[in-house]
Amino acid sequence: MTDPAPSSRRLAGRRLLARGAILFEALWPALWPPIGLIGLFACAALLNLPALLPPLAHLVLLLTVVLAVAVLAVRGLRGIRLPDDRAADRRLETSSGLIHRPLSVLTDRPAGGDSLGVAVWQAHAARAMTQIGRLKVGLPRPGLARRDPRALRYGLVLCLLAAAVIAGLDAPARLLAALSPSLPVAPNAPGTELQAWITAPAYTRVAPIFLKPPGGTVSVPAGSHLTVNVSGGTSAPTLSSNDRSDRFTALDHTSFQVERDLAHGGLLTVRRDGTTLAAWTLTVVADQPPTAAWGENPGHLPSAQQTRLPWQVSDDYGVTGLQAELRLRDRPEAPPLIVRIPLPGGSPKDAHGLNQQDLTAHPWAGLPVVGQLIARDAANQTGASADATFDLAERPFHNPVAQLLIAMRKALSAHPDDRDVPLDGLDRLMQQPALFNGDLGAYLNLSSIYYLLARNPNASAVPEAQGAMWELALHMEEGQTEQSARQLEQARQAARDALDRATQQPTDANRQALEKRLQELRQAIDKHMQALAEQAQRNNEMTPFDPNAAQLSNRDLDKMAEQAQQAARQGRMQDAQQQMAELEKMLDRLRNAHSQSGGSKQANGQRQRGKQQMGAVQDMIGREAGLMDHAQQRTEQNPAQPNPAQPNPTQSTDPAEQREADRRVQQALRRALGELMQQFSDLTGQMPPSLGEADQAMRDSIGRLGQGDDVTAGRSQQQAIAALQKGSREMGQTMAQQFGRQPGQGGEDGEEGVMGMMMPDGSRADGRGPGPMLGQPDPADPNGRDPLGRSAQGNSTDNADVTVPEERERQRTQAIQEELRRRGADQERPREELDYIDRLLKQF
């Protein structure tokens, strides 16, 4: 017979679980309404909605929610009773599938007392006890689905999760703020005054935020500093937040102050003697790291010796620094090449641009690299771009010795530990001295490079040898004259920079630096003049100076440089500037004379292509002026131009059609300008910045024409014309510096003036300062002709010296006409100037 003691304990445990399941099935449906209401309030609190209410409305909402929760809870729990053993037995019998209520046998007694009946009853009870081990409680079934057939409870759970994600780290602070309404601030004690302000970090350029005592919600940048002053009263207040409490510091008997760096948001409360003086809810906005990305087509372009580094950056408070880290693709473990990229406007929030670097002298020139842009903000946070693989631009060499030297220099860059291939190549060159054309110095330099790599096992020998290879390749390619000319130009630029610094900041250190640069300039002049003399002697010819530069000598140049150096040493900066200006003119004459005598067919071809491109710019100026005339005419026809977003239905469709046609022409002009900018960059390796400004103005004009805004479109077209004129001058200056001036080429910058006439206000039409009146000789014209190519000597009717204008003269005349029409269309100019322009136009 089974022992009843363990079975009784097992039955007691099953009954306890059954009573718990019955109680849960009764409690859960009763508590669901108040729990759902609490969940809705929690969603609103995580979304920071209660804090947006006025203090009294917030308090009323909180009390209403508490009261509603209490009412719903009492109402639901009112009819619930604790289950007894009988109910537990019925639950067990039902869940276990038992029939005839066998558990009731354990508590019932037989009615008769005969021994046979008792024995039968005990046997029946024993069989019931054996079934206790098979008793099952079953899972609770509260039946909530019948009361919520639309499953709104799951929607509430999703809302809670979404609100928690939105709140993020501020979730505890928002929940606490929702349960702690900012009660109306009690009136301060007589004479009590509270001032509070938040100072944002300087790099954010955010003005100080003053907090009002009645309270409110404020968003501040991370790292901001809070200052609170309380005047009046004798007890020190306290500043309390979610995680800390700071006591005010006494400034005197009645003034107190507290300061705190704000790292987290939450509720800030100022209390004194149990009274709330002020309370604010702060949200701290984290500073995001900057972002950087490559623009289109980084790397080198055909026929260009500069490496293009297009970039774009952005940051919430501004990017303070940008650099490109270039790593050799085939040797990524090598130290990267760092290229600093200047940013426009100091610390822009959103900017893009194109940086062009001359990296031809670097040992990696011509090799593939993996580039990454690194942007940095004022908080020293960095953001990196994706990797971009491209080749660094390299200088083309035509001399066979120079080509082999550059090839060996590349091999050392890719495999610095493998010197066998470069030594092999150097050895072959040393066995062919005829390639050096009797240049013993170059041959000796080649020998020193060979023995440096062969006998010096240190790693530092490789970059030293690569530098020597580069210098020797330049020597073989350019010759001594071109190399000394390049060094002279570098010395001139260094002297200019030093003179500017010494003029702006006349300190002893700057004057000493200027004296040093001028001494280096004297040495560069002497070296270049010696190279010119040696070249003339080798070629058995006179030094190739033009008549204007015939009296130039090494002694004259050295004397001028010595006078500038002496003036700088004595602190006479004005005299030093004057001597330096004279020296610059003499050096320009020297360079131009050499360029004219030694110019090759290739240089002439480049100069001719540059002239054609400048002529295309002048044509763009004329077409842009025509677009501006159309815009001015449409504005005059409809002075009260309506809002572009609300076109006038009564307006004729002809202006709209003309405006659309002008927009298409403007798009074509912008495309043509982009192609011209690329061609000029390929030709000279430089991009006039004013042409970029013209491109921006054209883009604005396209947008305004599309919106129907002729007034603003006209202003953008005027800006485009001014930028194109300036860009044309910059193109001429660049060409003069790189290709020199041709004989008879006038103009200070090596370009012909496009619109060189004087306006009534004393300015030239091209904005270059005073110039000749129409019909008077231009001082820059040695033949004494006006801008239209006509003789300006009196009123002679002899036209024998007048020739039919060539294409460039025709373009110049057309540009003058377009500029006069543009200025004549500006009705805001003085009447006398408009009359003068009208008289000029009648002469065409």
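In this report, we go over the structure that sits alongside the text.

Here is what the cut-offs are and how they apply
- Along each chain, numbering runs from 1 in the same order as the chain's sequence is written.
- In keeping with the model being predicted, local features are shown solely for residues with a pLDDT of at least 70 and side-chain atom pairs are shown and tallied solely at 80 or more, while totals for entire chains, interfaces and linings include all residues.
- Water and hydrogen atoms play no part in the side-chain values, which are based on all heavy atoms of the structure.
- Segments assigned H or I by DSSP are reported as helices when at least four residues long, segments assigned E as strands when at least two residues long, and all are numbered from the N terminus.
- A simple rule labels every residue: compare its accessible area, found with a 1.4 Å probe on the protein chains alone, to the largest value its type can have, and call it buried under 20%, exposed over 50%, or partly exposed in between.
- Residue contacts are counted whenever heavy atoms from the two residues lie within 4.5 Å of one another.
- Working definition of accessibility: Shrake-Rupley area with a 1.4 Å probe, residue cover restricted to the visible protein chains.
- Patches in this entry comprise residues that are over 30% relatively accessible and not in a salt bridge; like charges within 9 Å are linked, as are nonpolar side chains (Val, Leu, Ile, Met, Phe, Trp, Tyr) within 5 Å.
- What counts as a salt bridge is simple: a side-chain nitrogen of Lys or Arg found within 4 Å of a carboxyl oxygen of Asp or Glu.
- Counted as positive: Lys and Arg. Counted as negative: Asp and Glu, with His and the chain ends omitted from the count.
- Counted as a polar contact is a pair of N or O atoms within 3.5 Å, where, for protein atoms, one must be capable of donating a hydrogen and the other of accepting one, and residues adjacent in sequence contribute only when both atoms are in side chains.
- In this description, the term disulfide denotes a pair of cysteine sulfurs within 2.5 Å.
- Strands are labelled as partners when DSSP assigns at least two bridges between them.
- Pairing of aromatic rings covers Phe, Tyr and Trp, the last through its six-membered ring, and needs centres within 6.5 Å; plane angles under 30 degrees mean stacked, over 60 mean edge-to-face, and all others mean tilted.

Concerning the overall build of the chain
Alright, step 1. Helix and strand content of the chain: 20 helices and 19 strands.
Alright, step 2. Counting only residues that meet the buried cut, the chain has 40% of its 844 residues in that class.
Alright, step 3. Partitioning the contacts of the chain with sequence separation of at least 6, the portion at a separation of at least 24 is 68%.
Alright, step 4. With the model as given, the accessible surface of the chain reaches about 46,000 Å², and the carbon-plus-sulfur share is 53%.

Focus: a nonpolar patch on the surface
Alright, step 1. Together, Leu 47, Leu 49, Leu 52 and Ile 166 line one region of the surface with nonpolar side chains, adding up to about 390 Å² of accessible area.
Alright, step 2. Counting through the fold element by element, Leu 52 comes out in the loop between α1 (4–46) and α2 (55–77).

Structural notes on the environment of Ala 564
Alright, step 1. Among the secondary structure elements, Ala 564 is positioned in helix α13 (residues 554–569).
Alright, step 2. The exposure class of Ala 564 is buried, given its relative accessible area of 1%.
Alright, step 3. Sequence separation between Ala 564 and Leu 583 is 19 residues; the distance between their C-alpha atoms is 8.7 Å.
Alright, step 4. The residues contacting Ala 564, other than those within four sequence positions of it, are Leu 518, Ala 576, Gln 579 and Met 580.

Regarding unusual backbone geometry
Alright, step 1. Located in the positive-phi region is Asn 297, a residue other than glycine, with phi close to 55°.
Alright, step 2. Its place among the elements puts Asn 297 in the loop between β11 (291–294) and β12 (299–300).
Alright, step 3. Here Asn 380, not a glycine, exhibits a phi torsion of approximately 65°, which is positive.
Alright, step 4. Looking at the secondary structure, you find Asn 380 in the loop between β17 (368–377) and β18 (382–384).
Alright, step 5. By relative accessible area, which is 52% here, Asn 380 ends up exposed.

Considerations on the side chain of Arg 272
Alright, step 1. If you trace the backbone, Arg 272 turns up in strand β9 (residues 266–272).
Alright, step 2. Of the side chains with opposite charge, Asp 273 comes closest to the buried, unpaired Arg 272, at an N-O distance of 4.9 Å.
Alright, step 3. Polar side-chain contacts of Arg 272 include one of 3.4 Å to the side chain of Thr 192.

Remarks on the state of the cysteines
Alright, step 1. A full pass over the atoms with the stated rule returns 0 disulfides.
Alright, step 2. The structure places no disulfide on Cys 159, whose sulfur is separated from the nearest cysteine sulfur, that of Cys 43, by 5.2 Å.

So, the side chain of Gln 666
Alright, step 1. Along the chain, the position of Gln 666 falls in helix α16 (residues 653–684).
Alright, step 2. Here Gln 666 falls in the buried class, since its relative accessible area comes to 0%.
Alright, step 3. Reaching out from Gln 666, the side chain makes a polar contact with the side chain of Glu 624 at a distance of 3.0 Å.
Alright, step 4. A polar side-chain atom of Gln 666 sits 3.1 Å from a polar atom in the side chain of Ser 701.
Alright, step 5. For Gln 666, the residues in contact, after removing those within four places along its chain, are Glu 624, Leu 627, Met 698, Ser 701, Ile 702, Leu 705 and Gln 717.

Considering the sheet that holds strand β4 (residues 225–231)
Strand pairing in a sheet takes place through backbone hydrogen bonds and is either antiparallel or parallel in direction.
Alright, step 1. Reading across from one edge, β2-β1-β4-β8-β7 is the order of the 5 strands in this open sheet, with antiparallel pairing throughout. Both outer strands of the open sheet, β2 (209–211) and β7 (249–250), are each paired with one neighbouring strand and no more.
Alright, step 2. Strand direction decides the pairing type here: β7 and strand β8 (residues 255–261), joined by 2 bridges, are antiparallel. Bridge pairing links Ala 250 to Phe 256 in β8.

Quick look at the packing of aromatic side chains
Alright, step 1. Counting across every chain of the model gives 5 aromatic pairs.
Alright, step 2. Relative to Tyr 443, the ring of Phe 436 has its centre 5.5 Å away and its plane inclined at 85°; by these criteria the two rings are edge-to-face.
Alright, step 3. When the centroid spacing of 5.2 Å and the interplanar angle of 85° are considered together, the rings of Tyr 450 and Tyr 451 count as edge-to-face.
Alright, step 4. Owing to a relative accessible area of 19%, Tyr 450 belongs among the buried residues under this scheme.

Points about the environment of Leu 683
Alright, step 1. Mapped onto the fold, Leu 683 is located in helix α16.
Alright, step 2. C-alpha separation for the pair Leu 683 and Ala 304, spaced 379 residues apart in sequence, amounts to 7.2 Å.
Alright, step 3. Residues in contact with Leu 683, not counting those within four places in the same chain, are Gln 606, Arg 609, Gly 610, Gln 613, Gln 738 and Phe 739.

Details of the pattern of salt bridges
Oppositely charged side chains can form a pair if their charged atoms are brought close together.
Alright, step 1. This model, assessed by the stated rule, comprises 17 salt bridges.
Alright, step 2. With a closest N to O distance of 2.9 Å, Arg 634 and Asp 662 form a salt bridge. Linking Arg 634 in helix α15 (residues 601–637) with Asp 662 in helix α16, this pair joins segments that are 28 residues apart in sequence.
Alright, step 3. What makes Asp 662 buried here is its relative accessible area of 5%.
Alright, step 4. Each of Arg 634, Arg 659, Asp 662 and Asp 710 takes part in salt bridges that share partners, so that together they form one network.

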